[in-house]
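# Summary of structural features
Chain by chain, the residues:
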Amino acid sequence: MTLSSARSAARAGVLTAALAAFVCTTANTGSVASAESPSARPAAVRADVPAGVTAGVAVFDRRTGTFTEQLNTSAQFRSASVVKLLIALDVLWNRSPDALSAADRARIDTMLRGSDDAAASTFWSNNGSGAIVDRMVTRLGLTDTARPPSTHPGYWGYTALSARDTVKIYRHLLDSAPAATRDYILGDLRQSTRCATDGYDQHFGIAGSFNRPWAVKQGWSGFSSGGCTAPAATAAKSGESAGEPAGTAPPTSADADAVDLSRPALHTTGVVGEGDRSIVAVFTLHPGGTSYGKAYTDIGRLTRSLNVPGASRPAGTWVGTWGSGVRVRTQATTASGAMTTLPAGVEVLVGCQKRGQQVSQPPYVNDWWAQLPQYGGYMTNIYLSVPENQVPGVPVC
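About the criteria used
- Residues numbered from 1 in each chain as written.
- Predicted model: local features only at pLDDT ≥ 70, side-chain atom pairs only at ≥ 80, totals over all residues.
- Heavy atoms only, no water.
- Pairing = 2+ DSSP bridges.
- Helix = DSSP H or I, 4+ residues; strand = E, 2+ residues; numbered from the N terminus.
- Axes fitted to C-alpha atoms, helices over the stretch in contact; angles between N-to-C directions.
- Contact = heavy atoms within 4.5 Å.
- Disulfide = S-S within 2.5 Å.
- Buried < 20%, exposed > 50% of the residue type's maximum accessible area, 1.4 Å probe, protein only.
- Arc of directions from axis to C-beta.
- Polar contact = N/O pair within 3.5 Å; in protein donor to acceptor, adjacent residues only side chain to side chain.
- Lys, Arg positive; Asp, Glu negative; His and termini not counted.
- Salt bridge = Lys/Arg side-chain N within 4 Å of Asp/Glu carboxyl O.
- Phe/Tyr/Trp six-rings, centres within 6.5 Å; stacked < 30°, edge-to-face > 60°.
- Lys NZ or Arg CZ within 6 Å of the ring centre and 35° of its normal.
- Parallel < 35°, antiparallel > 145°, perpendicular 65-115°, else oblique.
- Left-handed = near helix turned anticlockwise from the far one by under 90°.
- Nonpolar A, V, L, I, M, F, W, Y, C, P; charged D, E, K, R; others polar.

Next up on the list: the sheet that holds strand β2 (residues 66-71). Read across the sheet, 5 strands follow the order β2-β1-β7-β6-β5 without closing on themselves; strand pairing throughout is antiparallel. Two strands in the sheet have a free side with no partner beyond their single neighbour: β2 and β5 (214-221). Averaged over all neighbouring strand pairs, the angle between strand axes comes to 5 degrees, with direction disregarded. Sheet topology note: the strand β6 (residues 265-272)/strand β7 (residues 278-285) ladder contains 8 bridges and is antiparallel. The residue bridging A265 from the neighbouring strand is L285, located in β7. The strands touched by helix α10 (residues 292-304) within the sheet are β1 (54-61), β5, β6 and β7, with β6 carrying the most contacts at an inclination of about 40 degrees.

This is how it looks when you write it as C-alpha cells:
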C-alpha cells in the first residue's frame, strides 16, 4: 500500500533511526541516483574517486592502443586475489591446458571462477611461492610487481601489483599467450560466479557496472562479511585473497615498505566489450572499518564513472539499501527461492518495480518489489532507502 503524504516526511525520520538500530554494519542511506544512459555520457570522464578511497586506475582501449583513464597507475597495492592471474599463467607457461591433470584443471577452474583460496595456496606451495611472482615479472616485463614481504612469504595476496602492470598481464593474455591458454583462462573469467567460494559477492565493479560480455578477476581483503549465500562461519573470514594462514594476525603496513597491508582492499580487473575491447584495472583501499557493502558501492561508483570504450551499461536507477541479510528472490514473494543475499547496505540497480507479496518490517509495510537486472531477481522495496513505498521515477514492470 502507498503511504500518505502526511506520513512520508515522518517515515524519512524514522528510517534514519531504524538504520542505526537495525544492522550491525554501516547502512547506505544515499538518495536515489539518476539512471545512467550510455548515449547521455560524455566521450571522456574523469575517474570519480569517492571520499576516503585511495585508488589506482587504468583503462586501455585495445582498438586504438591508448589509455582512456590513468590515475596513480604505478601505485603498488596488495594484490588480493588478482595475483591468481599470475599463478594460473605460471602453471600454464609452456604447457597446454590439455596437459594439466584433472586435479590441477579443477583447481584452476575454481580458483579463477570462484576465487578459491585453497586452490591458490596449493599452487603457491607446490610451485615455489614467491618465485612464481619473480618468474612472471621477468616473463611479462612487469615493473611494479613484487613478491610478498619476506616476513610473510605464504601470503600470496600480499604480492605487490599496480594498475598498469595488471593491464600488461591482460595484454599478454589477449595478444601474446597461446590461443589455448588465452581461451582457457578467459573462459574461466567469463564464468565468474556471483558468490565466491568463501561467501563473498564478487560481482562488484566491472561485473556490476557493465553488461556482458566481460571477463573479471576480482580481489578483496580485510572485510568481515561479504553477504552472498555461504554459511556465516565461512563468510566471516576476513582473509580472502590475502592467502593468510588460519589464526595468523594480519601484519601492519610497516612490514612491506610502501605497500599498505592493513586497510580494507577491493579490486576489480578484467576485459569489457565485444572482442574484449577494453582492459580495466581498478585498485582501491578504504578507511579502516569500512563495511563490505560500502566498499562495494564505492568501487561501483568509481567504475561507472570511467570512460570504457565498447562497454554497454545496464539501464536502471541506482538506489541505496538498508538492513542485513536482505535476499534477492526469483519472484516478488518471500515464498519464492532465494538467489543470493545482498552485502549489507550495498547500492543496487533497480530496473522496474511491481506489486507482490506484502512484507512487514515494523513500522513499515510494503507490497512493492524491485526488479534487479544485475541479479535477475527481486527484492522487497521495504529495504530500499527511499521515503515512499515506490521508488520515484522507476517504471512499473
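Next up on the list: the state of the cysteines. A covalent bond between the sulfur atoms of two cysteines is referred to as a disulfide. What the rule picks out here adds up to 2 disulfides. Here C195 engages in a disulfide with C228; their sulfurs sit 2.0 Å apart. Given an S-S torsion of about -100 degrees, the disulfide between C195 and C228 has left-handed geometry. Separated by 33 residues along the polypeptide, C195 in the loop between α7 (179-190) and α8 (206-209) and C228 in the loop between β5 and α9 (232-235) bring together distant segments of the chain. By relative accessible area, C228 is classed as buried at 5%. Shown here is the disulfide that connects C352 with C397, its sulfur atoms set 2.0 Å apart. With the S-S dihedral at roughly 95 degrees, the linkage between C352 and C397 falls on the right-handed side. A residue pair is termed long-range when its members are at least 10 positions apart, and C352 in strand β12 (residues 352-361) and C397 in the segment after β14 (377-380) qualify at 45 residues. A residue is classified by how much of its surface remains accessible, and C397, at 44% relative accessible area, is partly exposed.

For helix α4 (residues 117-126), the set of buried residues is D117, A119, A120, F123 and W124. Here the buried residues of α4 occupy an arc of 160 degrees about the axis, which is enough to place them on one side. Seen from the open side of α4, the exposed residues pointing more than 90 degrees away from its buried face are A118, S125 and N126. Taken together, the buried residues of α4 touch α2 (84-91), α3 (102-113) and α5 (130-140). Between the side-chain oxygen at the start of α4 and the backbone nitrogen of A118 there is a gap of 3.3 Å, and the oxygen is on D116.

Along the chain, the position of R329 falls in strand β9 (residues 327-329). Buried charge without a partner: R329 forms no salt bridge, and the closest opposite charge is D201, 15 Å away.

A separate point is the packing of aromatic side chains. Evaluated as defined, the whole model comprises 12 aromatic pairs. With a centroid separation of 5.1 Å and 75 degrees between ring planes, the pair formed by F223 and Y292 is classed as edge-to-face. Remark: Y292 occurs in helix α10 and F223 occurs in the loop between β5 and α9; sequence separation between them is 69 residues. Comparing F223 with Y292, the two get one shared label, buried. A network of ring pairs unites the aromatic residues Y200, F204, W220, F223, Y292 and Y296 as a single cluster. Taking the ring centre of Y184 as reference, the NZ or CZ of R105 above it sits at 4.4 Å. Residue placement shows R212 over the ring face of W214; its charged tip is 3.9 Å from the ring centre.

Right, let's get into the packing of α2 against α3. In the contact formed by α2 and α3, the axes pass within 10 Å of each other and the chain directions differ by 160 degrees. Comparing the axis directions of α2 and α3 gives the class roughly antiparallel. α2 and α3 meet at a crossing whose hand is left-handed. Residues K84, I87, A88 and V91 of α2 pack against I108, M111 and L112 of α3. Looking at the contact of α2 with α3 residue by residue, the class counts come to 6 nonpolar, no polar and 1 charged.

The quantities given are spatial measurements derived from coordinates; they are silent on function.
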